[in-house]
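Given next are the chains, with one letter for each unit.
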Amino acid sequence: MLSSTTIWITFAIYMCFLLGVAYYVTQKEKQQKEGKSLLKTSVAWPILVMTYIASLMSTWVFFAGPGAYYRGGMGYWLSEISYIALFPIIAHFTMNKVWMINQEKGGNYVTPADFYFERFKSPALRTILGLIFLAASFPYISSVLVAISQAAEYATGGAISYQMAVIVVGMIMTIFVCVGGVKSAATADTVQGLLFIGLLWFIVIACLIVGFGGSFTTAVDTLWTNSPGFFSYPGPSGWVTYGSRFGYPFSCAIGWTIMLPHVFVRAGYFGDNLKSQRKLSYITPVLQTFVWTGTMLIGLIGLALVSNLAASDTELIIPYMINNFVTAFNPTLAVMMMIGFFVGATAVGLSTANAFLTVASGIVSSDLIKNTFKINVPAEKETFVNRIIIAVLGIGSLLIAINPPDLIFTLIMFSISIVMPLFPILVLGLYWKKATKQAAIVSTLVGTVLVLLTYFVWNLGGTWYGAIGLFGSAIAMVVVSLFTQQDESDSKEFYEICTRANNRFYDVQE
Amino acid sequence: MRVTKTEKIWLVVVTVLYILYNFPGLPAYDEPVPMLIHGGLTLIPLWIAVYVGMHKVYKVYKLRDSKTDSEGDK
């Protein structure tokens, strides 16, 4: 379909755009303040909302999502709608409190573990959490490289090899984050986020016109006749059972929208004020539903057009439809759509990978180098060291991506699952004074082991994801806290900060 | 952290609706119409509860007019 030259030119133009944004943002910040960290930022609500949504979109909207709807059907979409609604309530009880406490401490938190340390004052816990958050980062960054490289290989009919694409995309991603840091990633998210949401819906409409003359009713009727399983549980592939209808969205509600390190810092640290935090809560579910519905419709139209794709091919349903249906309808439109698909997949994927890469480098520099190994990097060398770390992490993810599993979905969901057990520690740390650091450490370990057992021993990862680990972690947190004690002075300051922050930001009228 | 009565009600209502949506055995497998009815009866109230609750809780937690909200590295 596309020549390798077209793909490389597209890459080059997109890289120029990213580097242009990075240059603009860093120059603007240099004028405002010297010596700014690459790993922290504070942004107004439109950028906050878009960088958050773009981080969630990642490779989901163009790859894993359409494939998952193709296999899971309408019931799968309903299960997603159930968790998307939960963001405001979870954010209110957790991330807005995290935001206030961070502000009260001067906005100095870089990594999720910084917050946990504030509450539990345990260097060991900080190190363990740093390692777990880091472990979640690699599969996710790799998933992006896998998705984009598969797109390049598919779009060129194999003219660009998968391995070559992994290397080039990996290098682009690493260079961009090294140069620009987190604020340029957030700004690029805003610019391209709306554009690619528009592109997603363009693909939906174009495929509907090509496949069914623009009639949504015809598409639904066809599907109702040929694949009625799309409209009921457990879906066309028998995948959305009662168990996974709960396990999957519950994992997303906790893991994907709150606990993954790149969304944790966005939802908890990035907002420039509490009004921005609230706007994030108001807008996110609606905007996410709009995007996810477009993704679902791609799966619906794809299944109505062709119903016998292998599971691993379902994630390439968009380029499949372009190649097999749009080309015959209008070759020029097909080329434009393929380029759009490729750039869109690259852009939303890279924005997530950039976000992950930035926070992962923060974990290494802050949680591990500075606070575990007690190595003090001079302030003037901090940026240089961060760039080295970003480069090493980027190359590490690139190496993982060279030999990936069958489904991108698997990589993404494992990242989500492994951080889920850390949620009860966050909640109980905020609301229960008796929670101890010993309990936090034990519950982290118990939860992580349970997630690993869920995936690799019990083979229940595809149904329950991180839910068993989360429940195990919650129970361990309560039980061990009741049997252990921690010096009250360790948490006294934390709760004083909570009270001060509450009084500073809220006028409670009840 | 203190939790107000409005927050508790919000949390309970949303949790109950989320459990209702996930109640095992409902709707029956391979039944399209019951799935849509079940989704409508549980998910629409869930969304309404989340947004109405959010509005009420934010009214309880009025924001102070602070020009120094963020002390991050703006």
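Conventions used here
- Residue positions are given per chain, counting from 1 as you read along its sequence in written order.
- All chains are assigned letters beginning with A, and all ligands numbers beginning with 1, in the order in which they are written.
- Local features are withheld for residues below a pLDDT of 70 in this predicted model, meaning they are given only at 70 or higher, and side-chain atom pairs are given and counted only at 80 or more; totals for whole chains, interfaces and linings count all residues.
- Numbering of helices and strands runs from the N terminus, with a helix taken as a DSSP run of H or I at least four residues long and a strand as a DSSP run of E at least two residues long.
- Each radius of gyration reported is based on C-alpha atoms, and the globular scaling rule is 2.2 Å times the count of residues to the power 0.38.
- Counting other C-beta atoms within 10 Å of each residue's C-beta, where C-beta atoms are placed from the backbone, gives the exposure class: buried for 20 or more, exposed for 12 or fewer, partly exposed between.
- We call two residues in contact whenever the C-beta atoms placed from their backbones are within 7 Å.
- Helix axes are fitted only over the stretch in contact, all axes being lines through C-alpha atoms; the angle between N-to-C directions runs from 0 to 180 degrees.
- An angle below 35 degrees is read as roughly parallel, one above 145 as roughly antiparallel, one from 65 to 115 as roughly perpendicular, and any other as oblique.
- Charged means Asp, Glu, Lys or Arg here, nonpolar means Ala, Val, Leu, Ile, Met, Phe, Trp, Tyr, Cys or Pro, and polar covers whatever is left, Gly included.
- Pairing between strands is defined by DSSP: at least two bridges between them are needed.
- Scored from 0 to 100, pLDDT reflects the predictor's confidence in each residue.
- As used throughout, a nonpolar core is a set of buried Ala, Val, Leu, Ile, Met, Phe, Trp, Tyr and Cys residues joined through C-beta atoms within 7 Å of each other.
- Rotating anticlockwise by less than a right angle from the far helix to the near helix defines a left-handed crossing, while the corresponding clockwise rotation defines a right-handed one.
- Multiplying 1.5 Å by the residue count of a helix minus one yields the expected span of that helix.

Caption draft 1: Looking closely at the overall build of chain A. Check the secondary structure of chain A and you find 21 helices and 1 strand. Compactness check: chain A gives a C-alpha radius of gyration of 23 Å against a globular reference of 24 Å for 510 residues, within 12% of the reference. With respect to the principal axes defined by its C-alpha atoms, chain A has extents near 70 × 50 × 45 Å. Here chain A holds 510 residues, and the buried ones make up 62% of them. Within chain A, contacts between residues at least 6 apart in sequence are counted, and of these 84% link residues at least 24 apart.

Caption draft 2: Structural detail: the packing of helix 4 (residues 87-104) of chain A against helix 21 (residues 488-505) of chain A. All names here are of chain A. The N-to-C vectors of helix 4 and helix 21 enclose an angle of 95°; their axes lie 9 Å apart at closest approach. It follows that helix 4 is roughly perpendicular to helix 21 by the angle criterion. Contact residues: helix 4 offers M100, I101, Q103 and E104, while helix 21 offers I497, C498, R500, A501, R504 and F505. Its residues placed into classes, the contact of helix 4 with helix 21 shows 6 nonpolar, 1 polar and 3 charged.

Caption draft 3: Representation of unusual backbone geometry within the structure. All names here are of chain A. For the peptide bond that leads from Y233 to P234, omega is 5°, which places it in the cis range. You can see P234 is positioned in the loop between helix 8 (216-226) and helix 9 (242-259). We note that K121 has phi near 50°; this positive angle belongs to a residue other than glycine. Its location among the elements puts K121 in the loop between helix 5 (112-120) and helix 6 (123-155). In this structure K121 comes out as partly exposed when scored by C-beta crowding, with 17 C-beta atoms within 10 Å.

Caption draft 4: Looking closely at the interface of chain A and chain B. The interface of chain A with chain B comprises 42 residues on the first partner and 38 residues on the second. When residues of the side of chain A that touches chain B are traced back to their parent elements, those giving at least two are helix 3 (60-84), helix 4, helix 9, helix 11 (274-305), helix 17 (423-431), helix 21 and strand 1 (506-508) of chain A. Among the elements that make up the side of chain A that touches chain B, the one with the highest residue count is helix 4 of chain A (5 residues). Of the residues assigned to the side of chain A that touches chain B, the class counts are 18 nonpolar, 13 polar and 11 charged. Here 3 bridges tie strand 1 of chain A to strand 1 (residues 61-63) of chain B, and the two strands are oriented antiparallel to one another. Within strand 1 of chain B, the position partnered with A:Y506 by the bridge is B:L63.

Caption draft 5: Here's a closer look at the environment of B:E31. Structurally, B:E31 is set in the loop between helix 1 (5-21) and helix 2 (32-60). For B:E31, a count of 14 C-beta atoms within 10 Å puts it in the partly exposed group.

Caption draft 6: Main features of the confidence of the model for chain A. Per-residue confidence for chain A gives a mean pLDDT of 85, with 95% of residues at or over 70. The spread of mean pLDDT over the elements of chain A runs between helix 1 (residues 4-32) of chain A, the lowest at 76, and helix 20 (residues 467-483) of chain A, the highest at 95.

Caption draft 7: How the structure looks around the environment of A:M413. Residue and element names in this part refer to chain A. With respect to the helices and strands, M413 occurs in helix 16 (residues 408-419). What makes M413 buried here is the crowd of 25 C-beta atoms within 10 Å. Residues M413 and N324 lie 89 residues apart in sequence; the distance between their C-alpha atoms is 30 Å.

Caption draft 8: Layout of the nonpolar core. Residues and elements named next belong to chain A. By size, the foremost hydrophobic cluster in this structure holds 198 residues, and its most contacted members are I203, L300, F341 and V419. The biggest single contributor to this core is helix 7 (residues 162-212), with 20 residues. When sequence neighbours within four positions are dropped, the list of residues in contact with V419 reads I132, F133, A136, G255, M259 and L260.

Caption draft 9: Broad picture of the environment of A:M50. All names here are of chain A. Counting through the fold element by element, M50 comes out in helix 2 (residues 45-57). Through-space distance from the C-alpha of M50 to that of D189 is 6.2 Å; in sequence the pair is 139 residues apart. Those residues within four positions of M50 in sequence are excluded, and the remaining contacts are D189, T190 and G193.

Caption draft 10: Summary view of the packing of helix 2 of chain A against helix 11 of chain A. Residue and element names in this part refer to chain A. Axis separation between helix 2 and helix 11 bottoms out at 9 Å; the angle between their running directions is 40°. In this view, helix 2 runs oblique relative to helix 11, as classed from their interaxial angle. Considering only the axes of helix 2 and helix 11, their crossing is right-handed. For the pair helix 2 and helix 11, contact is made by W45, L48, V49, Y52, I53, L56 and M57 and by K275, S276, K279, L280, I283, T284, L287, Q288 and V291, respectively.

Caption draft 11: Spatial organisation of helix 15 (residues 379-401) of chain A. Taking 1.5 Å per residue, 23 residues should reach 33 Å; helix 15 of chain A reaches 34 Å between its end C-alpha atoms and fits that length. What helix 15 of chain A keeps buried is the set A:N386, A:I389, A:I390, A:L393, A:G394, A:S397, A:L398 and A:A401.

Caption draft 12: Highlighting the confidence of the model for chain B. Residue and element names in this part refer to chain B. The predicted model of chain B has a mean per-residue pLDDT of 87, with 86% of residues at 70 or higher. Every residue in residues 68-74 is under pLDDT 50, and counting partners more than four places away or in other chains gives 23 contacts. Scored by ipTM, the complex comes to 0.90, with pTM at 0.85.

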